[in-house]
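Coordinates in review
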Amino acid sequence: MFFPAALGALLLASCAADKPQDKPLKDTFADNFLIGAAVNVDLVNGADPKGDSIVSRHFNTIVAENCMKSEKVNPAEGVYVWDDADAFVKYGEERGMFIVGHTLVWHSQLAPWFAVDSLGAPVPPEVLKERMRNHITTMMTRYKGRVQGWDVVNEAILDDGTYRKSPFYEILGEEFIPFAFQCAMEADPDAELYINDYSMASPAKRDKYVEIVNDMRSKGIRVDAIGMQGHMGMDYPDFNEFENSIVAFGTTGAKVMITEWDMSALPTVNTGANVADTAAYAAALNPYPDGLPAEVSQEWNDRMKKAMDMFIRHSDIITRVNAWGTDDGMSWKNNWPVPGRSEYPLLFDRSYNLKPFLTEYTEK
Ligand code: XIL
C-alpha cells in the first residue's frame with residue numbers, strides 16, 4: 001500500500017500521541033508522600049519544555065536547585081538578586097505545588113562576603129549573627145505564605161558525628177544551628193523548617209542529628225523535618241543503616257524527608273555529597289558514555305525499587321520524597337564528583353521516559 005509521505009508522517013505522529021501517558025507519580029504516591037524534584041533556572045524559564053512537562057505532570061513539590069543559595073541570591077551584603085528565585089516560586093505557585101526553599105545556612109555556595117570582613121578575616125560572632133538573621137529574615141519574608149518549607153541548615157555534621165568546621169561553626173560554635181532555626185521561626189511562623197544532610201546512614205551522624213533535634217525541640221525550637229539527602233550509588237549506602245536512620249529520626253517527633261534523591265550507576269569515587277570533594281576525570285570512571293548496558297540498568301532499577309519500597313514502608317513519617325533533578329541529562333551527577341561523565345541517576349532518562357522501576361508502581 002502507498003501512503004504519501006505527509007500522510008505517513010501524520011499517522012506516525014498520531015501513533016506517538018496515542019501512546020498512553022504514565023500515570024502521574026503524584027497520583028501514584030498520593031497516599032504515601034509528596035513527590036518532587038529539584039528544578040533549575042532553565043526549566044523554570046521555559047528553556048527546557050520537556051523537563052517542564054515532566055515536572056508539571058508528575059510532581060506536586062519542587063525545590064530550588066541553585067537559585068536560592070546565598071552566592072546567587074545575596075552575592076554582596078545588602079544586595080539581593082531576585083529574578084531567578086522569584087521565577088522559581090511563581091512556577092511552583094502556578095502549578096499549585098508545595099515549594100521548598102534551599103538553603104539558608106550552608107558552607108557551600110556561600111556568598112563570599114558572608115562570614116568575613118573587608119580584609120577577608122572572620123567577622124566577630126555578633127556580626128555573623130546579624131548577617132544570618134538579616135539573610136534568613138529577608139528570604140523568608142519575601143516568600144511568606146508561598147514557600148511552605150525551608151532547608152534552614154544544610155550539611156552541618158560530618159560522617160563521624162562531629163561538627164563540620166564551617167565558618168558558621170568556627171565563629172559561633174554549636175549555637176549557630178539553634179540560632180538559625182530561631183531566626184527562621186520568627187521570620188515565618190507558618191513555614192516548615194528542615195535540617196538537611198547527606199550520608200545520613202552513618203550511625204555516628206545519625207546519633208548526632210537525633211541529639212541536636214531532640215535538644216532543639218525540647219527547648220521549643222521548631223525543627224519540623226530531618227532531611228536525608230539520599231545521594232546514593234550502587235554500593236552505598238547500606239540500606240539497613242539508612243532504614244535505621246529513618247526510624248531513629250522518627251523518634252524525635254520530627255518528620256523525615258528524602259530531599260535530594262539520586263543514585264549513581266557509575267563507579268563510586270565518593271560516598272558523600274560535599275560539593276568540594278571532586279576527583280579528576282579518567283575514562284575508567286566513565287564506562288557507559290553511550291547508554292547503560294541492560295544488566296547494569298536492571299541492577300540500578302532493582303536497587304531504586306528497594307529504596308522506594310523502604311520509603312513507602314515508612315510513609316507514616318516520611319512526608320516528602322524529592323529527586324535531585326528531573327532527567328538524567330540535567331543531573332548534577334554528570335559533573336560531580338567527576339566532571340564529564342554520563343550518569344543515569346534520576347527518575348527519568350535522557351529521553352524523558354520514566355525509569356522502569358517506577359512503572360511497577362504506576363501500572364499497579
Ligand atoms: C548541587 C547542584 O545540583 C549543582 O548544580 C551545583 O553546582 C552544586 O550543588 N547537596 C546539596 C545541593 O544540598 O545543594 C547540591 O546541589 C548537591 C549536594
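Residues numbered from 1 in each chain as written. Predicted model: local features only at pLDDT ≥ 70, side-chain atom pairs only at ≥ 80, totals over all residues. Heavy atoms only, no water.

Here we come to the pairing of strand β8 (residues 255-263). Remember that side chains alternate between the two faces of the sheet whenever the strand is regular. Buried residues dominate β8, accounting for eight of its nine residues. For strand β6 (residues 225-228) and β8, the ladder comprises four bridges, and the chain directions are parallel. Residue pairing across strands places A225 opposite K255, the latter belonging to β8. Pairing geometry for strand β7 (residues 231-232) and β8, over two bridges, is parallel. Bridge pairing in β8 places H231 opposite D262. For the crossover that starts at β7, traverses helix α11 (residues 239-250) and ends in the parallel β8, the hand is right-handed. Sheet topology note: the β8/strand β9 (residues 318-323) ladder contains four bridges and is parallel. Across the sheet, residue W261 finds its bridge partner in β9, namely A323. (Buried < 20%, exposed > 50% of the residue type's maximum accessible area, 1.4 Å probe, protein only. Helix = DSSP H or I, 4+ residues; strand = E, 2+ residues; numbered from the N terminus. Pairing = 2+ DSSP bridges. Right-handed = clockwise from strand over helix to strand, strands pointing away.)

Turning our attention to a negative patch on the surface. Negative charge collects at one region of the surface, where E295, E299, D302, E360 and E363 lie side by side. Relative to the elements of secondary structure, E360 occurs in helix α13 (residues 356-362). Residue classification places E360 among the partly exposed residues on the basis of a relative accessible area of 47%. (Patch = residues over 30% accessible without salt bridge, like charges linked within 9 Å, V, L, I, M, F, W, Y side chains within 5 Å. Areas by Shrake-Rupley, 256 points an atom, 1.4 Å probe, with all protein chains shown as cover. Salt bridge = Lys/Arg side-chain N within 4 Å of Asp/Glu carboxyl O. Lys, Arg positive; Asp, Glu negative; His and termini not counted. Charge placed at Lys NZ, Arg CZ, Asp CG, Glu CD.)

Looking now at the pairing of strand β2 (residues 61-64). Where burial is concerned, the two faces of β2 agree: the one with T61 and V63 and the one with I62 and A64 are both buried. For strand β1 (residues 34-39) and β2, the ladder comprises four bridges, and the chain directions are parallel. Each bridged residue has a counterpart across the sheet, and for V39 the counterpart in β2 is A64. Strand direction decides the pairing type here: β2 and strand β3 (residues 98-105), joined by three bridges, are parallel. Of the residues in β3, the one forming a bridge with V63 is V100.

With that settled, consider the environment of D117. Relative to the assigned elements, D117 resides in the loop between β3 and α7 (125-142). On the basis of relative accessibility, which here comes to 32%, the residue D117 falls in the partly exposed class. As for D117 and L128, which are separated by 11 residues in sequence, their C-alpha atoms are 10.0 Å apart. From its side chain, D117 meets the backbone nitrogen of L119 in a polar contact 2.8 Å long. (Polar contact = N/O pair within 3.5 Å; in protein donor to acceptor, adjacent residues only side chain to side chain.)

Turning our eyes to something else, we now look at α7. The end-to-end C-alpha distance of α7 is 26 Å, a good match for the 26 Å that 18 residues give at a rise of 1.5 Å each. Those residues of α7 that sit buried are L128, K129, R131, M132, H135, I136, M139 and M140. The arc that holds every buried residue of α7, seen down its axis, measures 165 degrees, which confines them to one face. Considering only its buried residues, α7 is in contact with α5 (70-73), β3, β4 (149-154), α8 (167-172), α9 (176-187) and β5 (192-197). (Expected span 1.5 Å × (residues − 1). Arc of directions from axis to C-beta. Contact = heavy atoms within 4.5 Å.)

In the contact formed by helix α10 (residues 203-218) and α11, the axes pass within 10 Å of each other and the chain directions differ by 10 degrees. As summarised for this structure, α10 and α11 are arranged roughly parallel, according to the angle between their axes. Seen from α10, the contacting residues are P203, R206, Y209 and V210; seen from α11, they are E241, N244, S245, A248 and F249. In terms of residue class, the contact of α10 with α11 is built from five nonpolar, two polar and two charged. (Axes fitted to C-alpha atoms, helices over the stretch in contact; angles between N-to-C directions. Parallel < 35°, antiparallel > 145°, perpendicular 65-115°, else oblique. Nonpolar A, V, L, I, M, F, W, Y, C, P; charged D, E, K, R; others polar.)

Okay, the packing of aromatic side chains next. This model, assessed by the stated rule, comprises 14 aromatic pairs. Seen from their ring centres, Y163 and Y169 are 5.1 Å apart, and the 15 degrees between their planes marks the pair as stacked. Each ring, one from F242 and one from F311, has its centre 6.3 Å from the other, and the planes form 45 degrees; the classification is tilted. Here the residue F242 occupies a position in helix α11, and F311 occupies one in helix α12 (residues 294-313), the gap between them amounting to 69 residues. Each member of the pair, F242 as well as F311, carries the same accessibility label: buried. Positioned above the aromatic ring of Y198 is the side chain of K205, whose terminal nitrogen or guanidinium carbon lies 4.2 Å from the ring centre. A cation over a ring is seen here: R303 above F239, with NZ or CZ 4.2 Å from the ring centre. (Phe/Tyr/Trp six-rings, centres within 6.5 Å; stacked < 30°, edge-to-face > 60°. Lys NZ or Arg CZ within 6 Å of the ring centre and 35° of its normal.)

A word on the pattern of salt bridges. If you walk through the whole model with that rule in mind, you get 17 salt bridges. Salt-bridge contacts for K205 lead to D159; the nearest nitrogen and oxygen are separated by 3.0 Å. Pair noted here: K205 is in helix α10 and D159 is in the loop between β4 and α8, with a separation of 46 residues, a long-range link. A salt bridge links R222 to D224, with the nearest nitrogen and oxygen atoms 2.9 Å apart.

Summary statistics for the protein give a mean pLDDT of 95 and a share of 95% for residues scoring 70 or more. Every residue in residues 1-17 is under pLDDT 50, and counting partners more than four places away or in other chains gives two contacts. (pLDDT = per-residue confidence, 0-100.)

Taking 1.5 Å per residue, 12 residues should reach 16 Å; α11 reaches 16 Å between its end C-alpha atoms and fits that length. Restricting attention to buried positions, one finds in α11 the residues F239, F242, E243, S245, I246, A248, F249 and G250. Buried positions along α11 lie against α10, β6, β7, β8, α12 and β9. Measuring from the backbone nitrogen of N240 back to the side-chain oxygen at the start of α11 gives 2.7 Å, which picks out D238 as the cap.

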